[in-house]
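Fold and contact review
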Amino acid sequence: MIGKVFFNRAPLTQNRFAELPLGAVTPEGWLKEQLDAAAKGLTGQLYKFWPDVKDSAWRGGEGDGWERAPYYLDGLVPLAYLTGSEELKAVAREYIEWTLASQKEDGSFGPEKNDDWWPRMVMLKALWQYYTATGDKRVPEMMLRYFAYEYRSLPGRPLRDWACARGAENMLTVAALYNLTGKSFLLKLLALLRDQTCDWTAYFDTFAYRQSLAKALPWQELVKGMEGEEGGLVWQDRKYYRREYHLTHVVNTAMGLKFPGVVHMIKSGVKENEGFETGYKNLMRYHGVASGIFTGDEHISGASPRQGTETCAVAELMYTCEALMTTGSSEKLLGDVLEKMAFNALPAAQSGDNLTHQYDQQANQVKCTVEKRSWYNNNDDSNTFGLEPNFGCCTANLHQGWPKYVSHLWYAAQDEGFLCLSYAPCRMRFLSGDVPVSIRVETAYPFGETVRMRVEAGRKKKFPLWFRVPEWAEGAVAQVDGEEYDLTAGDLWKLEREWDGNDLTFVFPMKPRITRWHRQSAAVEVGPLVMAFHPAEKWEKIKDHPFVPDWQVTTEDAWNWAIVPETARVEFDPDAAGAFKDGRYPVRAYVMAAPVAEWGMKGGSADDPPVSPAVSKDALREIELVPYGDTSLRITQFPVARVE
Ligand SMILES: [Zn+2]
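Fair warning: this is a prediction, and the values are worked out from it, not measured in the lab.

What about the overall build of the protein chain?
- Scanning the protein chain for helices and strands turns up 22 helices and 28 strands.
- Taking 2.2 N^0.38 as the reference for a compact globule, 644 residues should give roughly 26 Å; the C-alpha atoms of the protein chain span a radius of gyration of 24 Å, in line with that estimate.
- Dimensions of the protein chain, computed from the C-alpha atoms along their principal axes, are close to 75 × 70 × 50 Å.
- A total accessible area of about 22300 Å² is found for the protein chain, and carbon and sulfur atoms account for 47% of it.
- Each charge sign in the protein chain was given a centre, from 72 positive and 87 negative side chains, and these centres are 3 Å apart.

Have a look at this one:
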């Protein structure tokens, strides 16, 4: 691990928080179990058998030379260094060594058979993490040569297609290298990349797509003309892309949400500074579901809980939140969105053994089978659990979710301090100036309200510690060496004092909260957890495979409950905190409910919840809700019962 952090260097907009090197934060408790599950699961196995990474051109093989191996490395590298697995480190190094050796005289690198800018943007993210974990100087040297090549080449060979939609990923590694080296041509490259990337700032500001794309722009219309010369790409506003296709694509959207904040580093303005907030709120208003993300199967698909959200979009929205914390924009919103993804949508999309995943997950999901559904354009197997349902991008890309979450629990803060963005059991070890600091976080959070921290400093030293106070945490309090502080929900709380072996305790009250969604449906939330009714799941193998068979999941249980939201109550069992889907429920909520006979299936999905159905008082009983992330079948958005 390198012993330095890099805040923005002038003239980039000053930031308050900067990334810590990979390895400064290590997981403990339930979070360590979660990472171990990933290492035993798909991340630890994929290189052994999946041709797209096993035989990848990024490893010197004959196979895929596009995004698959770079995606995989973007999660494999942090997982290998956070779990300390020598086996996984050695695997990661095979791809890294091939990549470093592939650089040519002119500075270009990567498989010759594919000159797309896009997969290189991803490989650079993986290489940068590897650099911060190891200090291997060959990485910044290689990046400098590549960025010089890119700067020379972009005017004649501009970003196109996926690269055009996702240029902010490239900008982030350019900014990181500028902060390291101060080379001024990197600032010009940043401006060039901004000019050649879709203008997500303007798009989110006016946001034209206020209904499901199936209504606004049916698939056949969207792809009309895309088979023509240059694949239907248009040159527009100095950008070469399929405009409507890319701006409505759900993964691009999750990534594009970082663009305004990244641009804010080179051109500060209100639209840039608040771009994430504007975009996320617009997306949630018209396409949002209770798991905290917008739908997209695989273009933005409206707010019905029948619609799906692609797993890549979940992983990318998490990284967008993590990356934006270093840009100084929308700081107060990012941690809440990040936790919602990490504790709900991310674990829900994978099986408990972390081997299989879904392409699309639904907030109301009562059947995962190969069947025609109301997806915008995804295939009929998209919500089954398997190796590569629908398409293999998520198979390659989901790995970044958990390890990057761990490495972004804490950030360095200005004045040699630190910020705790999200709460989970971990240990942060880094330098405040030249003083070694260790902060141990002991908690069952999000499966409990109490977070304990022990701050140790090599010698007595004054520096600030920042703590995010969740937006739902009304009545939150902190105790520091016995002294009590009232905290403001939704704030970043700064505590500056001399640190010298101190104990902190936070209590974030997790009373059940009711949120309202599509067709007046209601969801029960507890802290950052979304709660779901969980019918008994029947898993059946539908395709065999030596490592990762495909499964369908069905139930015979009734799921058609209308609830009486104000009766919700919660019980905690923090001792049961472990990896998601390990068969234990550390949090359970209970709510009065009655079955609604007219609420049934529509195709392979639960139909939209009926609006305030009448139920008889005598039919009410208490049902149990468990964390969304522990379920593969669920009802999350319930009709609100009109009790008669
Ligand atoms: Zn995907």
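Examining the coordination of the zinc ion
- Taken together, the protein donors to the zinc ion comprise E310 (OE), C312 (SG), C393 (SG) and C394 (SG), at separations of 2.1 to 2.3 Å.
- Of note is the zinc ion, whose four donor atoms meet at the metal with angles of 94 to 121 degrees in an arrangement that counts as tetrahedral.
- Motif for the zinc ion, donor spacing along one chain: E-x1-C-x80-C-C. By the burial criterion, C393 is buried, and C394 matches it.

Quick notes on the packing of aromatic side chains
- Enumeration according to the criterion identifies 49 aromatic pairs in this entry.
- A centroid spacing of 5.0 Å and a plane angle of 50 degrees characterise the contact between F385 and W539, whose relative ring orientation is tilted. Taken as a pair, F385 in the loop between strand 6 (360-362) and helix 21 (393-397) and W539 in strand 20 (residues 538-543) lie far apart in primary sequence, 154 residues in all.
- With relative accessibility at 29%, the residue W539 sits in the partly exposed group.
- On the basis of an interplanar angle of 70 degrees and a centroid distance of 5.9 Å, the ring pair of F533 and W561 is categorised as edge-to-face. Taken together, the residues F533 in strand 19 (residues 529-533) and W561 in strand 22 (residues 561-572) connect sequence positions 28 residues apart.
- By relative accessible area, F533 is classed as buried at 10%.
- Since its relative accessible area comes to 8%, W561 is described here as buried.
- Here R157 stacks its cationic end above the ring of W117, 4.2 Å away from the centre of that ring.

With respect to the pairing of strand 19
- Within strand 19, five of the five residues are buried, which leaves it mostly tucked inside the rest of the structure.
- Covered by surrounding structure in strand 19 are L529, M531 and F533 together with V530 and A532, the residues of both alternating faces.
- Sheet topology note: the strand 18 (residues 522-526)/strand 19 ladder contains two bridges and is antiparallel. In the sheet register, V526 faces strand 19, and the bridge partner there is L529.
- A loop of two residues connects strand 18 with strand 19, the two strands running antiparallel in sequence, and G527 in this loop sits at a positive phi of about 55 degrees.
- Where strand 19 and strand 27 (residues 621-627) come together, three bridges link them in antiparallel fashion. Paired with A532 across the two strands is V626, which belongs to strand 27.

Here we look at the sheet that holds strand 22
- Taken in spatial order, the six strands make up an open sheet running 17-18-19-27-23-22, and their pairing is antiparallel. The two strands at the open ends of the sheet, each matched to only one other strand, are strand 17 (512-516) and strand 22. Direction aside, neighbouring strands of the sheet carry axes that sit 40 degrees apart on average.
- Here strand 23 (residues 587-595) runs beside strand 27; their pairing, made up of five bridges, is antiparallel. Bridge pairing in strand 27 places Y590 opposite E624.

Some words on empty space enclosed by the protein
- For the structure on display, the rule yields three cavities of 30 Å³ or more.
- Roughly 520 Å³ of internal volume is contained in the largest cavity.
- Contributions of two or more residues to the lining of the largest cavity are made by strand 1 (17-19), helix 6 (117-134), helix 9 (167-181), helix 19 (311-324) and helix 22 (401-407).
- The biggest single contributor to the lining of the largest cavity is helix 9, with five residues.
- Residues of the lining of the largest cavity, tallied by class, amount to 14 nonpolar, nine polar and five charged.
- Size it by volume and the second largest cavity reaches roughly 70 Å³.
- As for the second largest cavity, its lining consists of A38, L42, T43, L346, Q350, N354, L398, H399, W402 and P403.
- Counting only elements with at least two residues in the lining of the second largest cavity, the list comes to helix 2 (42-49) and helix 22.

What counts and what doesn't
- Residues numbered from 1 in each chain as written.
- Predicted model: local features only at pLDDT ≥ 70, side-chain atom pairs only at ≥ 80, totals over all residues.
- Heavy atoms only, no water.
- Helix = DSSP H or I, 4+ residues; strand = E, 2+ residues; numbered from the N terminus.
- Rg over C-alpha atoms; globule rule 2.2 N^0.38 Å.
- Areas by Shrake-Rupley, 256 points an atom, 1.4 Å probe, with all protein chains shown as cover.
- Lys, Arg positive; Asp, Glu negative; His and termini not counted.
- Charge placed at Lys NZ, Arg CZ, Asp CG, Glu CD.
- Donors = N, O, S within 2.8 Å, 3.2 Å for Na, K, Ca; no water.
- Tetrahedral: all angles 85-135°; square planar, octahedral: opposite > 155°, others 65-115°.
- Buried < 20%, exposed > 50% of the residue type's maximum accessible area, 1.4 Å probe, protein only.
- Phe/Tyr/Trp six-rings, centres within 6.5 Å; stacked < 30°, edge-to-face > 60°.
- Lys NZ or Arg CZ within 6 Å of the ring centre and 35° of its normal.
- Pairing = 2+ DSSP bridges.
- Axes fitted to C-alpha atoms, helices over the stretch in contact; angles between N-to-C directions.
- 1 Å grid on protein atoms, 1.4 Å probe; cavity = no way out; pocket = protein on both sides within 12 Å on 5 of 7 lines; lining within 4 Å.
- Points joined across faces, edges and corners; volume = space filled by probe spheres on them.
- Nonpolar A, V, L, I, M, F, W, Y, C, P; charged D, E, K, R; others polar.

Without other data, these values stay purely geometric and don't point to any function.
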